[in-house]
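Per-entry structural report
Each chain, letter by letter, is given below.
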Amino acid sequence: MQMHQKKVRALGLCSGGLDSSLAAAVLSAQGIDVHWITFETPFFSADKARTAAQRQGIPLIVENITAPYLEMLQNPPCGYGKYMNPCMDCHAMMFELAGRRLGADGFDFLFSGEVVGQRPMSQTKPSLRYVEKHSGYQGLVLRPLSARLLPETLPEQQGLVDRERLLALSGRSRKPQIQMAADFGITQYPAPAGGCLLTDKGYANRLRELMAHQDPLTEAALHLLKYGRHFRLPAGKKIIVGRTRQDNVCIENWYDPRQDTLVRLQRWPGPLVLVPGAAEEAVVKLAAGMAVGYSKAPPEAAAEVTVRGPGGASAFRVLGVSPGDVKKLMI
């Protein structure tokens, strides 16, 4: 096949997984200049993509898409998967955002590591067609690992890509990919596991509850859903109680001193407790009591806590609130 003479450039969606790496390797083997783009929100990070890009020497663009993603997430046209995951509309959005760089950055087409039939809902042939159509870039989305099972794309028709050197993988078996990785010398890659918190039952339940009580959603609130125990008071306020030392660190990282209240126990090991947003005195005292109740402080004696909030810092002694007494408030 007579290939196009100019240097062909392709921009791929990268999750950091093996399929992303193989799709890039297949195109690179044809002399195509491959770049990657990855997106991050509170629901998924770019860490695996950064690692894969470094290992393979592929230039990577990282873009935070929290704001538009939240808008889509509240009413995805295709609805949700098992929990709060809008996979098809998520993929369409990512291709749409990546596609904006085609002309501006000189890329000829988009690609991904998707494999037909690997996921029963989001990677069927109709699902892949839906994603391409709603991305706005029909004909410009190439899936190198399954391309020969799919309609010919514009870059194939134009001679930018040799279709005969693309693959026809399908199904959930990873054996062909593992063999390909060995052939390409790709020796390090993560296990195939979901990296999206929207597919996690516990996180999805917390998110659904948050969406019912808070509008607009904030990035901090979405990150905080990952950590600690969450309680919703009858009046609508939330209290977050750390479970572990790591929870405490992460909760403090997302604490906003301009509006939140943070409670810390003195002398005894225990949780950090956060009240997001403005908090009345009664709520602060309850949060302080919960900090003591979930700590190793003696249950019969008052313990000292420090409180930091928009009005400054204070310290006082408070009796613990038994975890059993607030269990019914836990989300």
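Since the structure is predicted, the reported quantities are computational estimates derived from the model, not experimental observations.

With respect to helix 8 (residues 175–184)
- Along helix 8, the residues that are buried comprise Gln177, Met180 and Ala181. When helix 8 is viewed along its axis, its buried side chains cluster within an angular range of 105 degrees and face the same direction. Counted as exposed and oriented over 90 degrees from the buried face of helix 8: Lys175, Ala182 and Asp183.
- Directly beyond the C-terminal end of helix 8, a positive phi value near 75 degrees is found at Gly185.

Here we look at the sheet that holds strand 10 (residues 303–309)
- Taken in spatial order, the six strands line up as 6-7-9-8-10-11 in an open sheet, and their pairing is antiparallel. Since the sheet does not close on itself, it has two edges, and those belong to strand 6 (229–232) and strand 11 (312–318), each with one partner. Between one strand and the next, the sheet's axes are offset by a mean angle of 20 degrees, whatever the strand orientation.
- In terms of strand pairing, strand 8 (residues 261–265) meets strand 10 through four bridges, oriented antiparallel. Looking at the pairing, Val263 lines up with Val307 of strand 10.
- In the packing of helix 11 (residues 245–253) onto the sheet, the strands contacted are strand 7 (238–241), strand 8, strand 9 (273–275) and strand 10, and the crossing angle to strand 8 comes to about 150 degrees.
- The strands touched by helix 12 (residues 281–293) are strand 6, strand 7, strand 8, strand 9, strand 10 and strand 11; relative to strand 8, the strand with the most contacts, the crossing angle is about 30 degrees.

Topic: the sheet that holds strand 3 (residues 60–64)
- If you walk across this open sheet you meet the five strands as 3-2-1-4-5, and the pairing is parallel. The outermost strands of the open sheet, each flanked by one partner alone, are strand 3 and strand 5 (141–142).
- As paired strands, strand 2 (residues 33–40) and strand 3 are joined by five bridges and run parallel to one another. Bridge pairing in strand 3 links Thr38 to Val62.

Concerning the nonpolar core
- Of all hydrophobic cores here, the largest spans 36 residues; its most connected members are Phe39, Phe43, Tyr69, Leu110, Leu198, Leu207 and Leu222.
- Among the elements of the structure, strand 1 (9–13), strand 2, helix 3 (66–73), helix 4 (87–99), helix 6 (125–135), helix 9 (201–213) and helix 10 (219–224) are those that each provide at least two residues to this core.
- The element best represented in this core is helix 4, accounting for eight residues.
- When neighbours within four sequence positions are excluded, Leu198 is seen to be in contact with Phe43, Tyr69, Leu73, Tyr83, Met84, Asn85, Pro86, Tyr203, Ala204 and Leu207.

Definitions and limits used
Residues numbered from 1 in each chain as written. Predicted model: local features only at pLDDT ≥ 70, side-chain atom pairs only at ≥ 80, totals over all residues. Heavy atoms only, no water. Buried < 20%, exposed > 50% of the residue type's maximum accessible area, 1.4 Å probe, protein only. Helix = DSSP H or I, 4+ residues; strand = E, 2+ residues; numbered from the N terminus. Arc of directions from axis to C-beta. Pairing = 2+ DSSP bridges. Axes fitted to C-alpha atoms, helices over the stretch in contact; angles between N-to-C directions. Contact = heavy atoms within 4.5 Å. Core = buried A, V, L, I, M, F, W, Y, C linked by side-chain atoms within 4.5 Å.

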